[in-house]
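Each chain, letter by letter, is given below.
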Amino acid sequence: MGEHEGAGPTTMKHWRIDEVDWDRFDRTKVDPELVPAIKAAAMVERNGLDYAAYLNAVFLDDPDFRQAADTWAVEEVQHGDALGKWASLADPRWDYAGAFQRYREGYRINTDVNASIRGSRTGELIARCIVETGTSSFYTAVADATEEPVLRQICRQIAADEFRHFKLFYDHMRRYLGRENLNFLHRLRIAAGRISESEDDELAFAFHCANNPPGQDFVHQDSLAAYLGRAMTFYRFQHIERGMGMIFKAVGLPPRGRLSEISARLAWQLVQRRQRRFAERTAERQDFARAA
Ligand SMILES: [Fe+2]
Ligand SMILES: [Fe+2]
(Lines give C-alpha, C1' and ligand atoms only; values in the text may rest on other atoms or scores of the structure.)
(Ligands and ions follow the chains in the order given, each with its own letter.)
Protein backbone atom coordinates (compact mmCIF):
# COMPACT_ATOMS: atom_id res chain seq x y z
CA MET A 1 0.00 0.00 0.00
CA GLY A 2 2.98 2.25 0.58
CA GLU A 3 3.42 3.21 -3.06
CA HIS A 4 -0.02 4.81 -3.10
CA GLU A 5 0.61 6.99 -0.07
CA GLY A 6 -0.50 10.56 -0.62
CA ALA A 7 -2.24 9.85 -3.93
CA GLY A 8 -5.39 11.97 -4.04
CA PRO A 9 -8.20 11.52 -6.56
CA THR A 10 -6.58 13.95 -9.00
CA THR A 11 -3.11 12.39 -8.89
CA MET A 12 -4.25 8.75 -8.97
CA LYS A 13 -2.70 6.90 -11.81
CA HIS A 14 -5.32 4.82 -13.43
CA TRP A 15 -5.56 2.27 -16.20
CA ARG A 16 -8.01 1.85 -19.03
CA ILE A 17 -9.67 -1.26 -20.40
CA ASP A 18 -8.29 -0.60 -23.89
CA GLU A 19 -4.75 -0.62 -22.44
CA VAL A 20 -5.09 -4.28 -21.47
CA ASP A 21 -3.21 -6.60 -23.84
CA TRP A 22 -6.37 -8.40 -24.93
CA ASP A 23 -4.64 -9.99 -27.92
CA ARG A 24 -2.47 -11.99 -25.54
CA PHE A 25 -5.55 -13.94 -24.42
CA ASP A 26 -4.64 -17.65 -24.40
CA ARG A 27 -7.60 -20.03 -24.42
CA THR A 28 -5.40 -23.04 -23.63
CA LYS A 29 -4.47 -21.48 -20.26
CA VAL A 30 -8.03 -20.81 -19.08
CA ASP A 31 -8.97 -22.78 -15.96
CA PRO A 32 -12.66 -23.64 -16.57
CA GLU A 33 -13.35 -23.73 -12.81
CA LEU A 34 -12.33 -20.10 -12.59
CA VAL A 35 -14.63 -18.69 -15.28
CA PRO A 36 -17.93 -18.91 -13.29
CA ALA A 37 -16.33 -17.12 -10.31
CA ILE A 38 -15.01 -14.33 -12.55
CA LYS A 39 -18.46 -13.94 -14.12
CA ALA A 40 -19.99 -13.57 -10.64
CA ALA A 41 -17.34 -11.06 -9.57
CA ALA A 42 -18.09 -8.98 -12.68
CA MET A 43 -21.73 -8.59 -11.55
CA VAL A 44 -20.86 -7.28 -8.09
CA GLU A 45 -18.16 -4.92 -9.37
CA ARG A 46 -20.36 -3.54 -12.13
CA ASN A 47 -22.93 -2.52 -9.50
CA GLY A 48 -20.57 0.09 -7.98
CA LEU A 49 -22.65 3.12 -9.00
CA ASP A 50 -25.48 2.12 -6.67
CA TYR A 51 -23.03 2.02 -3.78
CA ALA A 52 -21.80 5.49 -4.72
CA ALA A 53 -25.40 6.76 -4.61
CA TYR A 54 -25.79 5.16 -1.18
CA LEU A 55 -22.49 6.66 0.07
CA ASN A 56 -23.43 10.07 -1.32
CA ALA A 57 -26.63 9.92 0.74
CA VAL A 58 -24.84 8.81 3.91
CA PHE A 59 -22.10 11.48 3.60
CA LEU A 60 -24.40 14.23 2.37
CA ASP A 61 -22.49 17.15 3.95
CA ASP A 62 -18.99 15.87 3.16
CA PRO A 63 -18.14 16.98 -0.40
CA ASP A 64 -14.56 15.64 -0.24
CA PHE A 65 -15.70 12.17 0.58
CA ARG A 66 -18.56 12.29 -1.94
CA GLN A 67 -16.10 13.22 -4.69
CA ALA A 68 -13.83 10.36 -3.65
CA ALA A 69 -16.79 7.94 -3.60
CA ASP A 70 -17.78 8.93 -7.14
CA THR A 71 -14.24 8.34 -8.43
CA TRP A 72 -14.11 5.05 -6.54
CA ALA A 73 -17.38 3.84 -8.12
CA VAL A 74 -16.11 4.53 -11.65
CA GLU A 75 -13.13 2.29 -10.89
CA GLU A 76 -15.36 -0.48 -9.55
CA VAL A 77 -17.53 -0.36 -12.67
CA GLN A 78 -14.38 -0.66 -14.76
CA HIS A 79 -13.39 -3.74 -12.77
CA GLY A 80 -16.75 -5.25 -13.69
CA ASP A 81 -16.35 -4.41 -17.36
CA ALA A 82 -12.79 -5.74 -17.57
CA LEU A 83 -13.77 -9.00 -15.88
CA GLY A 84 -16.90 -9.18 -18.00
CA LYS A 85 -14.87 -8.74 -21.17
CA TRP A 86 -12.41 -11.41 -20.12
CA ALA A 87 -15.21 -13.86 -19.26
CA SER A 88 -16.78 -13.16 -22.67
CA LEU A 89 -13.49 -14.14 -24.33
CA ALA A 90 -13.29 -17.29 -22.21
CA ASP A 91 -16.92 -18.13 -22.93
CA PRO A 92 -18.10 -16.41 -26.13
CA ARG A 93 -21.68 -17.63 -25.60
CA TRP A 94 -21.95 -15.74 -22.32
CA ASP A 95 -24.34 -12.78 -22.25
CA TYR A 96 -22.66 -10.29 -19.87
CA ALA A 97 -25.23 -7.51 -20.36
CA GLY A 98 -28.19 -9.88 -19.94
CA ALA A 99 -26.70 -11.45 -16.81
CA PHE A 100 -26.02 -8.05 -15.28
CA GLN A 101 -29.54 -6.88 -16.06
CA ARG A 102 -30.99 -9.87 -14.19
CA TYR A 103 -28.65 -9.17 -11.28
CA ARG A 104 -29.72 -5.53 -11.07
CA GLU A 105 -33.36 -6.40 -11.26
CA GLY A 106 -33.08 -8.84 -8.37
CA TYR A 107 -30.53 -7.13 -6.15
CA ARG A 108 -31.14 -3.49 -5.26
CA ILE A 109 -29.24 -1.47 -2.74
CA ASN A 110 -31.44 0.99 -0.89
CA THR A 111 -29.91 4.36 -1.80
CA ASP A 112 -32.77 6.37 -0.27
CA VAL A 113 -31.17 6.69 3.17
CA ASN A 114 -30.02 9.53 5.39
CA ALA A 115 -27.68 7.54 7.61
CA SER A 116 -25.42 4.52 7.33
CA ILE A 117 -26.97 1.10 7.83
CA ARG A 118 -23.89 0.52 10.05
CA GLY A 119 -25.15 3.08 12.58
CA SER A 120 -22.37 5.64 12.06
CA ARG A 121 -20.06 6.98 9.36
CA THR A 122 -17.07 5.41 11.06
CA GLY A 123 -18.91 2.09 10.98
CA GLU A 124 -19.75 2.54 7.32
CA LEU A 125 -16.09 3.17 6.49
CA ILE A 126 -14.94 0.15 8.52
CA ALA A 127 -17.39 -1.99 6.53
CA ARG A 128 -15.98 -0.54 3.28
CA CYS A 129 -12.44 -1.40 4.49
CA ILE A 130 -13.54 -5.01 5.03
CA VAL A 131 -15.00 -5.21 1.52
CA GLU A 132 -11.79 -3.83 -0.01
CA THR A 133 -9.77 -6.31 2.07
CA GLY A 134 -11.84 -9.10 0.55
CA THR A 135 -11.54 -7.86 -3.02
CA SER A 136 -7.81 -7.06 -2.83
CA SER A 137 -7.13 -10.56 -1.43
CA PHE A 138 -9.35 -12.26 -4.00
CA TYR A 139 -7.82 -10.58 -7.07
CA THR A 140 -4.28 -11.06 -5.77
CA ALA A 141 -5.05 -14.74 -5.22
CA VAL A 142 -6.54 -15.12 -8.71
CA ALA A 143 -3.61 -13.26 -10.31
CA ASP A 144 -1.17 -15.57 -8.51
CA ALA A 145 -3.15 -18.71 -9.39
CA THR A 146 -4.00 -18.21 -13.04
CA GLU A 147 -1.75 -19.10 -15.97
CA GLU A 148 -3.83 -17.04 -18.36
CA PRO A 149 -1.80 -13.86 -19.10
CA VAL A 150 -4.68 -11.42 -19.70
CA LEU A 151 -6.56 -12.45 -16.56
CA ARG A 152 -3.35 -12.17 -14.59
CA GLN A 153 -2.77 -8.66 -15.94
CA ILE A 154 -6.34 -7.52 -15.20
CA CYS A 155 -6.35 -9.01 -11.71
CA ARG A 156 -3.03 -7.35 -10.82
CA GLN A 157 -4.41 -3.96 -11.89
CA ILE A 158 -7.69 -4.53 -10.05
CA ALA A 159 -5.92 -5.72 -6.89
CA ALA A 160 -3.76 -2.56 -6.91
CA ASP A 161 -6.96 -0.48 -7.11
CA GLU A 162 -8.54 -2.45 -4.26
CA PHE A 163 -5.52 -1.89 -1.99
CA ARG A 164 -5.75 1.82 -2.79
CA HIS A 165 -9.50 1.76 -2.06
CA PHE A 166 -8.77 0.23 1.33
CA LYS A 167 -6.41 3.09 2.08
CA LEU A 168 -8.97 5.65 0.90
CA PHE A 169 -11.70 4.34 3.20
CA TYR A 170 -9.23 3.78 6.02
CA ASP A 171 -8.01 7.40 5.92
CA HIS A 172 -11.55 8.75 5.97
CA MET A 173 -12.44 6.31 8.74
CA ARG A 174 -9.60 7.67 10.89
CA ARG A 175 -10.94 11.19 10.33
CA TYR A 176 -14.44 10.20 11.48
CA LEU A 177 -13.14 8.13 14.34
CA GLY A 178 -11.79 11.34 15.88
CA ARG A 179 -15.32 12.77 15.88
CA GLU A 180 -17.53 9.79 16.55
CA ASN A 181 -15.34 7.96 19.05
CA LEU A 182 -16.50 4.43 18.33
CA ASN A 183 -14.98 2.12 20.91
CA PHE A 184 -12.91 -0.89 19.93
CA LEU A 185 -15.58 -3.53 20.58
CA HIS A 186 -18.07 -1.62 18.50
CA ARG A 187 -15.58 -1.46 15.61
CA LEU A 188 -14.81 -5.13 15.99
CA ARG A 189 -18.51 -5.99 15.90
CA ILE A 190 -19.03 -4.02 12.68
CA ALA A 191 -16.03 -5.69 11.04
CA ALA A 192 -17.13 -9.18 12.11
CA GLY A 193 -20.65 -8.45 10.91
CA ARG A 194 -19.46 -7.35 7.50
CA ILE A 195 -17.17 -10.38 7.15
CA SER A 196 -20.05 -12.78 7.81
CA GLU A 197 -22.32 -10.85 5.42
CA SER A 198 -19.87 -11.59 2.61
CA GLU A 199 -21.59 -14.95 2.39
CA ASP A 200 -25.01 -13.39 2.13
CA ASP A 201 -27.10 -12.91 -0.93
CA GLU A 202 -24.88 -10.56 -2.89
CA LEU A 203 -22.28 -13.04 -4.12
CA ALA A 204 -24.59 -16.03 -4.23
CA PHE A 205 -27.14 -14.11 -6.29
CA ALA A 206 -24.37 -12.74 -8.53
CA PHE A 207 -23.18 -16.30 -9.15
CA HIS A 208 -26.74 -17.38 -9.94
CA CYS A 209 -27.41 -14.55 -12.44
CA ALA A 210 -24.02 -14.92 -14.08
CA ASN A 211 -24.09 -18.69 -14.49
CA ASN A 212 -27.59 -20.16 -14.41
CA PRO A 213 -29.94 -19.94 -17.41
CA PRO A 214 -32.57 -17.18 -17.24
CA GLY A 215 -35.73 -18.43 -15.56
CA GLN A 216 -33.99 -20.92 -13.26
CA ASP A 217 -34.96 -20.47 -9.59
CA PHE A 218 -32.38 -18.95 -7.25
CA VAL A 219 -31.31 -21.43 -4.57
CA HIS A 220 -29.10 -19.49 -2.18
CA GLN A 221 -27.18 -22.44 -0.70
CA ASP A 222 -26.42 -24.01 -4.09
CA SER A 223 -25.13 -20.80 -5.62
CA LEU A 224 -23.14 -19.90 -2.54
CA ALA A 225 -21.49 -23.33 -2.43
CA ALA A 226 -20.74 -23.17 -6.15
CA TYR A 227 -19.17 -19.73 -5.77
CA LEU A 228 -17.18 -20.34 -2.59
CA GLY A 229 -16.10 -23.77 -3.73
CA ARG A 230 -14.34 -22.14 -6.64
CA ALA A 231 -13.19 -18.92 -4.99
CA MET A 232 -11.61 -20.71 -2.02
CA THR A 233 -9.30 -22.82 -4.16
CA PHE A 234 -7.20 -19.82 -5.26
CA TYR A 235 -6.12 -18.64 -1.84
CA ARG A 236 -2.70 -19.33 -0.38
CA PHE A 237 -1.54 -18.58 3.15
CA GLN A 238 0.15 -15.30 2.17
CA HIS A 239 -3.17 -13.90 0.88
CA ILE A 240 -4.95 -14.74 4.13
CA GLU A 241 -2.06 -13.34 6.17
CA ARG A 242 -2.09 -10.02 4.36
CA GLY A 243 -5.90 -9.79 4.50
CA MET A 244 -5.88 -10.47 8.23
CA GLY A 245 -3.36 -7.66 8.73
CA MET A 246 -5.72 -5.30 6.88
CA ILE A 247 -8.72 -6.34 8.99
CA PHE A 248 -6.65 -5.79 12.14
CA LYS A 249 -5.63 -2.38 10.91
CA ALA A 250 -9.26 -1.45 10.13
CA VAL A 251 -10.39 -2.18 13.69
CA GLY A 252 -7.33 -0.53 15.28
CA LEU A 253 -5.20 -3.53 16.22
CA PRO A 254 -1.52 -3.97 15.28
CA PRO A 255 -1.58 -5.53 11.77
CA ARG A 256 1.64 -7.53 12.24
CA GLY A 257 1.43 -8.66 15.86
CA ARG A 258 1.18 -12.08 17.45
CA LEU A 259 -2.64 -11.97 17.54
CA SER A 260 -2.85 -11.18 13.85
CA GLU A 261 -0.55 -14.12 13.07
CA ILE A 262 -2.63 -16.55 15.15
CA SER A 263 -5.85 -15.30 13.56
CA ALA A 264 -4.36 -15.72 10.09
CA ARG A 265 -3.41 -19.32 10.87
CA LEU A 266 -6.92 -20.10 12.13
CA ALA A 267 -8.50 -18.48 9.06
CA TRP A 268 -6.11 -20.43 6.83
CA GLN A 269 -7.27 -23.70 8.44
CA LEU A 270 -10.88 -22.77 7.66
CA VAL A 271 -9.99 -21.98 4.06
CA GLN A 272 -8.11 -25.26 3.69
CA ARG A 273 -11.05 -27.19 5.10
CA ARG A 274 -13.28 -25.59 2.49
CA GLN A 275 -10.75 -26.30 -0.25
CA ARG A 276 -10.80 -29.99 0.71
CA ARG A 277 -14.57 -30.09 0.86
CA PHE A 278 -14.78 -28.62 -2.63
CA ALA A 279 -12.19 -31.04 -4.00
CA GLU A 280 -14.20 -33.96 -2.60
CA ARG A 281 -17.42 -32.63 -4.06
CA THR A 282 -15.80 -32.15 -7.46
CA ALA A 283 -14.49 -35.72 -7.37
CA GLU A 284 -17.98 -36.99 -6.47
CA ARG A 285 -19.48 -35.02 -9.33
CA GLN A 286 -16.96 -36.52 -11.73
CA ASP A 287 -17.67 -40.06 -10.46
CA PHE A 288 -21.35 -39.42 -10.87
CA ALA A 289 -20.84 -38.11 -14.42
CA ARG A 290 -18.73 -41.16 -15.35
CA ALA A 291 -21.34 -43.56 -13.93
CA ALA A 292 -24.18 -41.82 -15.76
FE1 LIG B 1 -13.37 -3.69 -7.45
FE1 LIG C 1 -12.63 -1.61 -4.56
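Bear in mind that the values here come from a model prediction, so they are computed numbers and not experimental data.

Colleague: I would appreciate a short explanation of the overall build of the protein in the present structure.
Modeller: Regarding its fold elements, the protein presents 11 helices and zero strands. Going from the N terminus to the C terminus, the protein shows its helices and strands as α-α-α-α-α-α-α-α-α-α-α. Compactness check: the protein gives a C-alpha radius of gyration of 19 Å against a globular reference of 19 Å for 292 residues, within 12% of the reference. In terms of overall dimensions, the protein has a C-alpha envelope of 65 × 40 × 35 Å along the principal axes. Counting only residues that meet the buried cut, the protein has 52% of its 292 residues in that class. A fraction of 80% describes how many contacts in the protein between residues 6 or more apart in sequence connect residues 24 or more apart.

Colleague: I keep staring at the pattern of salt bridges and nothing clicks. Help me out?
Modeller: Close approach of charged atoms allows side chains of opposite charge to pair. Evaluated as defined, the whole model comprises 19 salt bridges. Here Arg230 makes a salt bridge to Glu33, at a shortest N to O gap of 3.1 Å. Of this pair, Arg230 sits in helix α9 (residues 220–232) while Glu33 sits in the segment before α1 (34–46); the two residues are 197 residues apart in sequence, bridging distant segments of the chain. The salt bridge involving Arg104 is made with Asp50; its shortest N-O contact spans 3.3 Å. Residue Arg104 is found in helix α4 (residues 96–106), and its partner Asp50 is found in helix α2 (residues 48–58); the two are separated by 54 residues along the sequence. For Asp50, a relative accessible area of 13% puts it in the buried group. Connected through salt bridges with shared partners, the residues Arg118, Arg194, Glu197 and Glu202 form a single ionic network.

Colleague: Looking at this model, I keep getting lost on the coordination of the iron ion (ligand 1). Mind explaining?
Modeller: Tetrahedral coordination by four donors sets the ideal angle at the metal to 109.5 degrees; octahedral coordination by six donors sets it to 90 or 180 degrees. Here the iron ion (ligand 1) is held by Glu45 (OE), Glu45 (OE), Glu76 (OE), His79 (ND1) and Glu162 (OE), and the distances to it run 1.9 to 2.6 Å. Here the iron ion (ligand 1) and the iron ion (ligand 2) are spaced 3.6 Å apart, with Glu76 acting as a shared donor. Of this pair, Glu45 sits in helix α1 while Glu76 is found in helix α3 (residues 63–90), placing the two residues 31 residues apart along the sequence. Neither Glu45 nor Glu76 differs from the other in exposure class; each is buried.

Colleague: Teacher, can you tell me more about the packing of helix α5 (residues 121–145) against helix α6 (residues 149–180) here?
Modeller: Close contact between α5 and α6 brings their axes to 8 Å; oriented N to C, the two are set at 160°. Taken together, the axes of α5 and α6 are roughly antiparallel relative to one another. Crossing of α5 against α6: the hand is left-handed. Its residues assigned to classes, the contact of α5 with α6 shows 17 nonpolar, seven polar and eight charged.

Colleague: I would appreciate a short explanation of the coordination of the iron ion (ligand 2) in the present structure.
Modeller: Protein-derived coordination of the iron ion (ligand 2) comes from Glu76 (OE), Glu132 (OE), Glu132 (OE), Glu162 (OE) and His165 (ND1), at a distance range of 1.9 to 2.8 Å. For the iron ion (ligand 2), the donor residues sit on a single chain with the sequence spacing E-x55-E-x29-E-x2-H. By relative accessible area, His165 is classed as buried at 2%.

Colleague: Mind showing me how you'd approach the environment of Leu168 here?
Modeller: Summarising the element assignment, Leu168 is placed in helix α6. Put simply, Leu168 and Ala53 are 115 residues apart on the chain and 17 Å apart in space, counted from C-alpha to C-alpha. Sequence-distant contacts of Leu168, that is, excluding residues within four places in its chain, are made with Ala68 and Trp72.

Colleague: Help me understand helix α10 (residues 237–251) in this model?
Modeller: Each turn of an α-helix holds 3.6 residues, which means side chains three or four residues apart point in the same direction. For α10, built from 15 residues, the straight-helix expectation of 21 Å at 1.5 Å per residue is met to within 8% by its first-to-last C-alpha distance of 21 Å. Burial within α10 is extensive, with 11 of its 15 residues counted as buried. Residues of α10 that are buried include every one of Phe237, His239, Ile240, Gly243, Met244, Gly245, Met246, Ile247, Phe248, Ala250 and Val251, and no others. On its buried side, α10 packs onto α5, α6, α7 (184–197) and α11 (258–291).

Colleague: Even after reading the chapter, I still don't get the environment of Phe25, so can you show me in this structure?
Modeller: Mapped onto the fold, Phe25 is located in the segment before α1. Between the alpha carbons of Phe25 and Gln269 there is a distance of 34 Å; along the sequence they are 244 residues apart. Sequence-distant contacts of Phe25, that is, excluding residues within four places in its chain, are made with Val30, Trp86, Leu89, Ala90, Glu148 and Val150.

Quick notes on the rules
Residues numbered from 1 in each chain as written. Chains lettered and ligands numbered in written order. Predicted model: local features only at pLDDT ≥ 70, side-chain atom pairs only at ≥ 80, totals over all residues. Heavy atoms only, no water. Helix = DSSP H or I, 4+ residues; strand = E, 2+ residues; numbered from the N terminus. Rg over C-alpha atoms; globule rule 2.2 N^0.38 Å. Buried < 20%, exposed > 50% of the residue type's maximum accessible area, 1.4 Å probe, protein only. Contact = heavy atoms within 4.5 Å. Salt bridge = Lys/Arg side-chain N within 4 Å of Asp/Glu carboxyl O. Donors = N, O, S within 2.8 Å, 3.2 Å for Na, K, Ca; no water. Axes fitted to C-alpha atoms, helices over the stretch in contact; angles between N-to-C directions. Parallel < 35°, antiparallel > 145°, perpendicular 65-115°, else oblique. Left-handed = near helix turned anticlockwise from the far one by under 90°. Nonpolar A, V, L, I, M, F, W, Y, C, P; charged D, E, K, R; others polar. Expected span 1.5 Å × (residues − 1).

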